[in-house]
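Residues per chain, in single letters:
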Amino acid sequence: MRVICKYPDLRYYQGYHDVAVTFLLVAGEEVAFAVMDVLSTNHFSECMQETMDATQKRLLFIWPVVNFENPELFNFLQHSGVGTMFALPWYLTWFGHSLNSYKAVVRLYDYFLASPVYSPLFVTAAIILYRADEVFLQDCDMASIHLLLSKLPENLPIEQLLNISSHLYDKYPMAMIKKEVERLEREDQERRKLDEKSALERRKKLARNAKSSSNYTLSHWIPQLLTPKSFIVTTAFSIFVGFCAYYYKSQYMSAGIS
């Protein structure tokens, strides 16, 4: 609350308190406030905007790293349509909301404080890569993969993952990752356009088929209805109705009813 009051343009997000309470428990209020002051205007500044658009786009940065290291895993995850929502609480809370081990959480916080701003993204990529074998055992659908990845195992090898994360950060510069994200976004937009075009063509084809079917029905049944026999019957019925109408009108007029 002190940070939000100091910077009224920042917006609280669900999970911000998980970060704050961790520093509060470890360092006390004054030190925790000083740390959160810096983090809120740097590390978490994108997360504290009016919308989560910038945060969602930032999470896309995990995919190039996964793709560079394990293209088969990347293609499997993309085909499943899992997206990045499973990793959102990891990024927003520095894993504080998703890990039950207090020791693991404070170790990660130490690492993030001593590392570049986007190091949580590389830890996220490292975890996904580490769990590749588990992923391949699942059905390739969004529900199955999201359920698996959103639940972090209790026995994660934290030190090993931090070493992998540091290696990935040194190996893939952020400029390189950003360029790859832009390429993936272009491909996704082109794929969406093709899907929309295909869907539109299918709707047009269904409409044409429905119209053709309707025309066929009329052209098929009308000639059968308009046979010589049906024409004679219809004509005779019309004459009979006309005769009845003339007869009853004459009866009404003779009775003085106009």
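Residues numbered from 1 in each chain as written. Predicted model: local features only at pLDDT ≥ 70, side-chain atom pairs only at ≥ 80, totals over all residues. Heavy atoms only, no water.

Participant: Give a description of the side chain of His43 that names residues and reports values.
Facilitator: Of note, His43 is situated in the loop between α3 (29-41) and α4 (53-59). If we skip the residues at most four places from it in the chain, His43 touches Val38, Trp94, Phe112 and Val117. (Helix = DSSP H or I, 4+ residues; strand = E, 2+ residues; numbered from the N terminus. Contact = heavy atoms within 4.5 Å.)

Participant: Provide a residue-level description of the packing of helix α5 (residues 62-69) against helix α6 (residues 71-80), including the pertinent values.
Facilitator: Angle between the axes and distance between the axes are the two parameters that describe a pair of packed helices. Running from N to C, α5 and α6 cross one another at 135 degrees; their axes reach a closest spacing of 5 Å. When the axis of α5 is compared with that of α6, the two are oblique. Taking contact as the criterion, the partners of Trp63, Val66, Asn67 and Glu69 in α5 are, on α6, Pro71, Leu73, Phe74, Leu77 and Gln78. Among the residues making up the contact of α5 with α6, the classes are represented as six nonpolar, two polar and one charged. (Axes fitted to C-alpha atoms, helices over the stretch in contact; angles between N-to-C directions. Parallel < 35°, antiparallel > 145°, perpendicular 65-115°, else oblique. Nonpolar A, V, L, I, M, F, W, Y, C, P; charged D, E, K, R; others polar.)

Participant: Tell me what's going on with helix α9 (residues 119-130), and back it up with residues and numbers.
Facilitator: Taking 1.5 Å as the rise per residue, α9 with 12 residues should run 16 Å; its terminal C-alpha atoms sit 16 Å apart, in good agreement. The element α9 is largely enclosed, with a buried count of 11 among its 12 residues. (Expected span 1.5 Å × (residues − 1). Buried < 20%, exposed > 50% of the residue type's maximum accessible area, 1.4 Å probe, protein only.)

Participant: Summarise the UniProt feature "transmembrane region" (unreviewed entry) in the chain; cite the residues concerned and give the values.
Facilitator: In the numbering used here, UniProt assigns the "transmembrane region" (unreviewed entry) feature to residues 76-96, 108-130 and 230-248. Taken end to end, residues 108-130 is 83% helix and 0% strand, and its first and last C-alpha atoms sit 17 Å apart. (UniProt positions renumbered as here; feature names shortened; annotations may be inferred.)

Participant: I'd love a proper account of the nonpolar core, names of residues and values included.
Facilitator: Judged by nonpolar contacts, the single largest core of 64 residues is most densely connected at Trp63, Leu77 and Phe95. Among the elements that make up this core, the one with the highest residue count is α9 (eight residues). For this core, the two domains that each supply at least three residues are domain 1 (1-50) and domain 2 (52-187). Among residues more than four places away in sequence, those in contact with Phe95 are Pro89, Trp90, Val105, Leu108, Phe112, Pro120, Val123, Thr124, Ile127 and Leu152. (Core = buried A, V, L, I, M, F, W, Y, C linked by side-chain atoms within 4.5 Å. Domains from an automatic or database assignment.)

Participant: Outline the pattern of salt bridges, listing residues and values.
Facilitator: Tallied over the entire structure, the rule returns 10 salt bridges. Across the pair Arg58 and Glu46 runs a salt bridge, and its minimum N-O distance is 2.7 Å. Residue Arg58 is located in helix α4, and its partner Glu46 is located in the loop between α3 and α4; the two are separated by 12 residues in the primary sequence. Of the residues examined, Arg58 reaches a relative accessible area of 14% and is grouped as buried. Among the salt bridges present, the one from Glu187 reaches Arg183, with a minimum N-O distance of 2.3 Å. Highlighted residues: Glu187 and Arg183, both in helix α13 (residues 174-225), separated by four residues, approximately one helical turn. Residue class for Arg183 comes out partly exposed when judged on its relative accessible area of 28%. (Salt bridge = Lys/Arg side-chain N within 4 Å of Asp/Glu carboxyl O.)

Participant: Tell me about the environment of Tyr16, and name the residues and values.
Facilitator: Structurally, Tyr16 is set in helix α2 (residues 16-27). Overall, the relative accessible area of 6% leaves Tyr16 in the buried class. Spatially, the C-alpha atom of Tyr16 lies 9.2 Å from that of Ser40, the residues being 24 residues apart in sequence. With residues near it in sequence (within four places) discarded, Tyr16 still touches Val3, Met36, Ser40 and Met48.

Participant: Account for the packing of helix α8 (residues 102-114) against helix α12 (residues 158-171), with residues named and values stated.
Facilitator: Where α8 contacts α12, the two axes come as close as 11 Å, and the packing angle between them is 20 degrees. Between α8 and α12, the interaxial angle falls into the category roughly parallel. Seen along the crossing, α8 lies across α12 with a hand that is right-handed. On α12, the residues that touch Ala104, Arg107, Leu108 and Tyr111 of α8 are Ile158, Glu159, Leu162, Ser165 and Ser166. Of the residues that constitute the contact of α8 with α12, the class distribution is five nonpolar, two polar and two charged. (Left-handed = near helix turned anticlockwise from the far one by under 90°.)

Participant: Go over a nonpolar patch on the surface, please, and point to the residues and values.
Facilitator: The grouping of Val21, Leu24, Leu25, Val26 and Tyr102 at the surface amounts to a nonpolar patch, some 480 Å² of accessible area in total. Top contributing element to the nonpolar patch by residue count: α2, with four residues. Tracing the chain through its elements places Val21 in helix α2. (Patch = residues over 30% accessible without salt bridge, like charges linked within 9 Å, V, L, I, M, F, W, Y side chains within 5 Å. Areas by Shrake-Rupley, 256 points an atom, 1.4 Å probe, with all protein chains shown as cover.)

Participant: An account of unusual backbone geometry is requested, with residue identities and associated values reported.
Facilitator: Despite not being glycine, Trp94 shows a phi value in the positive range, around 55 degrees. Secondary-structure assignment places Trp94 in the loop between α7 (88-93) and α8.

Participant: Residues and numbers for α5, please.
Facilitator: The buried fraction of α5 is high, at six of eight residues. All of the buried residues along α5 are Ile62, Trp63, Pro64, Val65, Val66 and Asn67.

Participant: Explain the packing of aromatic side chains to me, using residue names and the numbers behind them.
Facilitator: If you walk through the whole model with that rule in mind, you get 16 aromatic pairs. Note on Tyr13 and Phe44: the rings are 6.4 Å apart at their centroids and 45 degrees apart in plane angle, and the pair reads as tilted. One end of the pair, Tyr13, is in the loop between α1 (2-6) and α2; the other, Phe44, is in the loop between α3 and α4, with 31 residues separating them in the sequence. Comparing Tyr13 with Phe44 shows no difference in burial state: the two are buried. Geometrically, the ring pair formed by Trp63 and Phe74 is edge-to-face, given 6.4 Å between the ring centres and 65 degrees between the ring planes. One end of the pair, Trp63, is in helix α5; the other, Phe74, is in helix α6, with 11 residues separating them in the sequence. Each member of the pair, Trp63 as well as Phe74, is classed as buried. (Phe/Tyr/Trp six-rings, centres within 6.5 Å; stacked < 30°, edge-to-face > 60°.)

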